[in-house]
Amino acid sequence: MQPQLEELESLLLDWEAGELDPPGIDRVREILRGDAAARTLFVRMQMLSSALKLEAETRITAPTTRAEVAATTLPQRRAAHPAARPSLVALRFHQWIAVAAAFVICMLAGRLAYLEFAPVSVPPTEAARAASSPPAESSHEAMSHGVALVTRLVDIVWDQDQSHLEVGDALAAGRLAIDSGYVQIEFFCGATVILEGPAEFELFSAERARVISGRLRAHVPPAARGFTIDVDDMQVVDLGTEFGLAVSPAGTHVQVIDGEVELHQPAQQTRLLTAGQALLRGADGVYQAATQPHAPLVGITDLESRDQGQHTARYERWKAWSAQLRRDPRLVTYYGFDEADSWERRLTCGIDPPNGELDGAIVGAGRVTGRWSTKGALEFKRPGDRVRIQIPGEFQSLTFACWAKIDSLDRRFNSLFLTDNYNQGEPHWQILESGQLYFSVRPVERGTPGPHDRKVLSPPFWEPSMSGRWLHLATTFNVETKTVTHFLNGEILSQDRIPDEQMVFTTRIGTASIGNWSIPTQPEAQFAIRNLNGSIDEFALFSAALTADEIKAMYEHGQP
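Residues numbered from 1 in each chain as written. Predicted model: local features only at pLDDT ≥ 70, side-chain atom pairs only at ≥ 80, totals over all residues. Heavy atoms only, no water.

Visitor: I'd love a proper account of the sheet that holds strand E15 (residues 346–347), names of residues and values included.
Guide: Here eight strands make up an open sheet; going across it, the order is E15-E16-E19-E28-E21-E22-E23-E24 and the pairing antiparallel. The open sheet has two edge strands, E15 and strand E24 (456–457), and neither has a second partner. The pairing of strand E22 (residues 427–432) with strand E23 (residues 437–441) spans five bridges and is antiparallel. Bridge pairing in E23 places Trp429 opposite Phe439. (Pairing = 2+ DSSP bridges. Helix = DSSP H or I, 4+ residues; strand = E, 2+ residues; numbered from the N terminus.)

Visitor: I'd like a rundown of the packing of aromatic side chains, residues and numbers included.
Guide: On inspection of all chains with the given rule, the structure shows 13 aromatic pairs. The interplanar angle of 35° and the centroid separation of 5.7 Å between the aromatic rings of Trp318 and Trp372 together place this pair among those described as tilted. One end of the pair, Trp318, is in helix H8 (residues 300–325); the other, Trp372, is in the loop between strand E17 (366–369) and strand E18 (376–380), and 54 residues separate them in sequence. The exposure class of Trp318 is buried, given its relative accessible area of 1%. Between Phe417 and Phe539, the aromatic rings sit 5.5 Å apart at their centres with planes inclined by 20°, giving stacked as the arrangement. Taken together, the positions of Phe417 in strand E21 (residues 413–419) and Phe539 in strand E29 (residues 534–542) put the pair 122 residues apart, joining distant regions of the chain. Here Phe417 and Phe539 have matching classes, each one buried. What links up through ring pairs into an aromatic cluster is the set Tyr335, Phe400, Phe417, Trp429, Phe439, Phe477 and Phe539. One residue, Arg271, lies across the ring of Tyr287, its end atom 4.2 Å from the ring centre. (Phe/Tyr/Trp six-rings, centres within 6.5 Å; stacked < 30°, edge-to-face > 60°. Buried < 20%, exposed > 50% of the residue type's maximum accessible area, 1.4 Å probe, protein only. Lys NZ or Arg CZ within 6 Å of the ring centre and 35° of its normal.)

Shown next, in the form of structure tokens:
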């Protein structure tokens, strides 16, 4: 794309976000008047915006899959609109023309008239647009997938071919293998299974699974009666009980702890086992009475106790690591969110040696439990919730990192860290409603001609099934390599190189907000709603671009 078209694209995205200043609007007018290709780009971007509105109002949808979205390149996503849902990338214009023509023509005429004849003013904020337009009913419903959830992981070591899972992950039908440790799985039917490694397990549905090898204990309340575990050609059908299985080359050991189960096998009579009974089915298929397994099967209460011990150990490990991190000379500011008093509206900067001038002021946000029950965090729910900070000085490279629990992405822009004015050298770090990390640094002062900022977007990383889970987010801005790198849970999400004309070599913060954006953009103190809907637990800002290994270590030492 030509530099002038890239500049127009960025200006129009700022206009949609309510961030375009009067000189920026003048620049849009200048580009549109002198370049036919620019006018074509303007029309395409407005058609995307119109299509989104029409989709919401008329329930017309496009058959876009997650795979199609993932296959698009970063420039394609950026060209679509950073604040739009990823599904817009795949919209095909010819399917919309007949339905949307009148709507689009009117909208384009109005916008072109505004650009050509209207007095220069700051465009309406998202809040103002929402207030002046009736709410549109969504045309499609958010979807998730899976047949069960991972609800506990204790001392887990995964099989080398098994993707690593986190507590809260939804499990789809398929194989699950561990070398050691325990996995607690809660099926959507209501049954709970504790799998003990080494073990190989296969999920079929919300009511049925198979043990290939290993030990498990299943708790099945009345609502989940009929839950079935397969072992070779035998089915263990629960009748509302608690039972254990141990599968090895020697055979299958079935033990009923409470209630009763049925054993089904082709061409054989159904066997009924009740509380206290156990049966061994040998490798030759012959049944015989058995005693309890050599090692007791771990139950839900026992696993919870082990889990608490593991959490305590991880918390103590994090505290020791955090004490060391606070002495890192590259650390600009650090908030551990570990103050205990809910009435204290100060967020203490935890760098060592201390600097009270970097303490934050809590506005609205409430103290809640953090990653561990003995640790605090701040919850951002209302449009005014935020933490106000003041950071003097000039820097070059930067790293932003925090632990965040996202409840939902129901704003177009969801703030992690935003400077007040977004002047030259100031960074913005936020999440789009599409689930993409968004980072930019302004290259020139407002009102000054020059290159527009480069908005660096990660691929979409967040989906509703991740709601309420603690995630480690980080972004590095590297002046030496001219790159921006986004991280999720210690792994690289994406890396982009900043073009020379958009590169900023001196960065600064000044007054800023964690979890919100603080400057009104309209008369009478109207402001864009950008608060994070969720919680933050630990926030760090470095005057250097941390390496991938350092980001990984930060995640591993802080993982709850």
